[in-house]
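Fold and geometry: a report
Take a look at the letters that make up each chain.
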Amino acid sequence: MPSSPEELQRYVQAAAVFTPSAPIDSQDLFAGRFEQISQVISAVSQKGQHVILYGERGVGKTSLANVISQIMRSVSGQEVHSAIVNCDGIDDFTSLWQKIFREVDSLRAHADTPPQEITPESIRYILQRNPGKTIVVIDELDRLGNGRVATELLADTIKTLSDHLVDTTLILVGVADSVNELIAEHASIERSLVQVQMPRMSVSELYELLDKRFGLLKIEVPEQIKKRIAFLSQGLPSYTHLLALHASQKAIARSSKSIEDSDLDSAIRVAVDKAYQSILNAYHQATSSSRETIYAQVLLACALAKKDNLGFFVPPDVVTPMSLIMGKKYRTSGFARHLSDFCEDKRGKVLCKRGSERNYKFRFVNPMMQPYVIMSGLAKNLISQEDLFSFSQP
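Residues numbered from 1 in each chain as written. Predicted model: local features only at pLDDT ≥ 70, side-chain atom pairs only at ≥ 80, totals over all residues. Heavy atoms only, no water.

1. Regarding the sheet that holds strand 2 (residues 80-86)
Going by this rule: Note: two strands are recorded as paired if DSSP finds a minimum of 2 bridges between them. For helices the rule is a DSSP run of H or I covering at least 4 residues; for strands it is a run of E covering at least 2, with both sets numbered from the N terminus onward. Every axis corresponds to a line fitted to the C-alpha atoms, with the helix fit spanning only the stretch in contact, and the corresponding angles, defined between N-to-C directions, vary from 0 to 180 degrees.
The strand order across the open sheet built from 5 strands is 2-3-4-1-5, with neighbouring strands paired in parallel fashion. Strands at the two margins of the open sheet, each flanked by one partner only, are strand 2 and strand 5 (193-197). Here the strands of the sheet are splayed against their neighbours by 15° on average, with no regard to which way each runs. By the bridge criterion, 4 bridges tie strand 1 (residues 50-54) to strand 4 (residues 168-174) in an arrangement that is parallel. Bridge pairing in strand 4 places tyrosine 54 opposite glycine 174.

2. Quick word on the side chain of glutamine 249
This is how it is decided: Contacts: residue pairs with any heavy atoms within 4.5 Å of one another.
In this structure, glutamine 249 sits in helix 10 (residues 237-253). Ignoring sequence-local partners within four residues, the contact set of glutamine 249 consists of Tyr11, Ala14 and Ala15.

3. Focus: the pattern of salt bridges
Heads up, the condition is: Just to be clear on terms, a salt bridge is a Lys or Arg side-chain nitrogen sitting within 4 Å of an Asp or Glu carboxyl oxygen.
Applying the stated criterion to the full structure yields 21 salt bridges. Note that arginine 228 and aspartate 261 form a salt bridge whose closest N and O atoms lie 3.3 Å from each other. In this pair, arginine 228 sits in helix 9 (residues 223-233) while aspartate 261 sits in helix 11 (residues 261-273), placing the two residues 33 residues apart along the sequence. Linked by salt bridges that have partners in common, Arg57, Glu140 and Asp142 make up one network.

4. Quick word on the side chain of glutamine 297
What counts is decided by this rule: Here the term buried applies to any residue with accessible area under 20% of the maximum for its type, exposed to any over 50%, and partly exposed to those in between, with areas from a 1.4 Å probe on protein chains only.
With respect to the helices and strands, the residue glutamine 297 is situated in helix 13 (residues 295-304). Note on glutamine 297: relative accessible area 17%, which makes it buried.

5. With respect to the packing of helix 1 (residues 5-17) against helix 10
Quick note on the threshold: Roughly parallel covers angles under 35 degrees, roughly antiparallel covers those over 145, roughly perpendicular covers 65 to 115, and oblique covers all other angles. Amino acid classes used here: Ala, Val, Leu, Ile, Met, Phe, Trp, Tyr, Cys and Pro are nonpolar; Asp, Glu, Lys and Arg are charged; the rest, including Gly, are polar.
Contact geometry of helix 1 with helix 10 gives a least axis separation of 9 Å together with a crossing angle of 175°. The angle between helix 1 and helix 10 places the two elements in the roughly antiparallel class. Side by side, helix 1 and helix 10 meet where Glu7, Arg10, Tyr11, Ala14, Ala15 and Val17 of the first sit next to His241, Leu245, Ser248, Gln249 and Ile252 of the second. Its residues assigned to classes, the contact of helix 1 with helix 10 comprises 6 nonpolar, 3 polar and 2 charged.

6. Looking at the packing of aromatic side chains
The description of an aromatic ring pair rests on the distance of the ring centres and on the angle between the ring planes. Note the following rule: What counts as a ring pair is set by centres within 6.5 Å for rings of Phe, Tyr and Trp (its six-membered ring), and what kind of pair is set by the plane angle: stacked under 30 degrees, edge-to-face over 60, tilted for all other angles. We count a charge as sitting over a ring when the NZ of a lysine or the CZ of an arginine lies within 6 Å of the ring centre and within 35 degrees of the ring normal.
Per the counting criterion, the structure on display carries 7 aromatic pairs. Members of the aromatic cluster, each reached through a chain of ring pairs, are Phe93, Trp97 and Phe101. Looking at lysine 226, its charged tip hangs above the ring of tyrosine 207, at a distance of 5.0 Å from the centre. Above the plane of the ring of tyrosine 360 lies lysine 353, whose end atom (NZ or CZ) is 4.4 Å from the centre.

7. Focus on unusual backbone geometry
Peptide bonds are trans in most cases, and residues, glycine excluded, mostly fall at negative phi. Of note in the backbone geometry, serine 255 takes a positive phi value of approximately 65° without being a glycine. Examined against the element boundaries, serine 255 turns out to sit in the loop between helix 10 and helix 11. At lysine 349, a residue that is not glycine, the phi angle is positive and equals roughly 50°. Position of lysine 349 relative to the elements: it lies in the loop between helix 15 (336-341) and strand 6 (351-354). Accessibility expressed as a relative area gives 43% for lysine 349, which makes it partly exposed.

Here's what the structure looks like:
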C-alpha cells in the first residue's frame, strides 16, 4: 500500500482514471472509435434517421452511446435533450417509454401517462412538440421483455418518427442477434436505421486509451508494457482498464512513476484471482476433469486463434496456437471433439457454433472469457510469455 498521503492520493486517483467496471461517460476520456462516432453523428444530424449500434458484449457500445449527446452539443451548438435507459427483463414497451419520459426534463409530465395511452403514435405526438433535438439511447435492447410485441411496437415507433421527420433520434444498443431480429421482422424500417457495427478496439485505439489515462496520472509506461496490455485485453477496453489500474497502483505503492514488467505481472495475477465469479465458474466447468485432459490447452488455443470482426474462428485457426502450446504439431482432428464439447451443457456452453457440419465456426459465448483464458494460461504456465508475445506481432 502507499506509504505517504501523496501516494495514497495518486493510488485513489488511479481508481478514478481507470474504470474497468463502468462505461465511459465523459467525452474527454473517450478514446478512438472515430469511424463509428462519425457514422452516428451523421445519422443524429438528419431528421428521420435512427441508429442501431451493435457488436459483442464488452466492446464499448454503451460508452460510445453515453458520449454522443455531449459530442452533438459541442459540434452543433444547439439545445440537445437526451436520455439513456437500460432495458431489463421486466420491461415492456410501455414501461420502457415511461423510463424515457422520466429521464428527459421536458418530457417528465408524460412519465405517468396511462399504459393504454402509450402508443407509437402518441410518442410521435409528444416528441414532435418537444423543443430542440432529442436523443434517446435504449441500451441492452436484447433484454427488452414482452418478446415480439415490444419489438414490433418499437419498430412502429421508429417508422412513424421517421415518416413525420420528428427531430428525435433513437439509438438502439444491442448484440447482433437483436439487430437481426428487429430488421428481419420489420424490413420497412431498414431505410430509417443506420446500422453501426462496433468491432473490438484496435491496438492503436487501446494505446490512445492508455496514453490519455496514464497521462492524467503522470505515470510513464514503456512501449513494451503497452503492447502487453493491449494484447492481453484482446480488444476489450474493460480489461485494458483492469490491467492498467492494478499495474499503476502497484507502481504507485512502490513509490515509482514508471510501470515495470513486475507491476503488470502482478496485475495479471490480480485479474485472474479476482475475476467475476461467473467467469471463474465457467472456466472451471469448461476445463475441469477427474482425469488428465487437454481441455485447458484447447480453450487457450481457442482464445489465441485468429478471429473475424464478430469474434468467430474456425478449427484450422486453432492449429497454430495448439501446436505451440503442446510443443508438437496438431491437426484439427486432435481437438475437434473438445470444440464440440465446449458447446454442450457438460462444459458449460463456453463456446457457441454457427453454420453446418464440417463448416462450423465458433465463438466465445461471453467475450470477457477470452482474455481471462489467456491470462489464466500464463498463470498456469500453459504458455510462456515469449510464446504468447509471438501472437501479438503483426
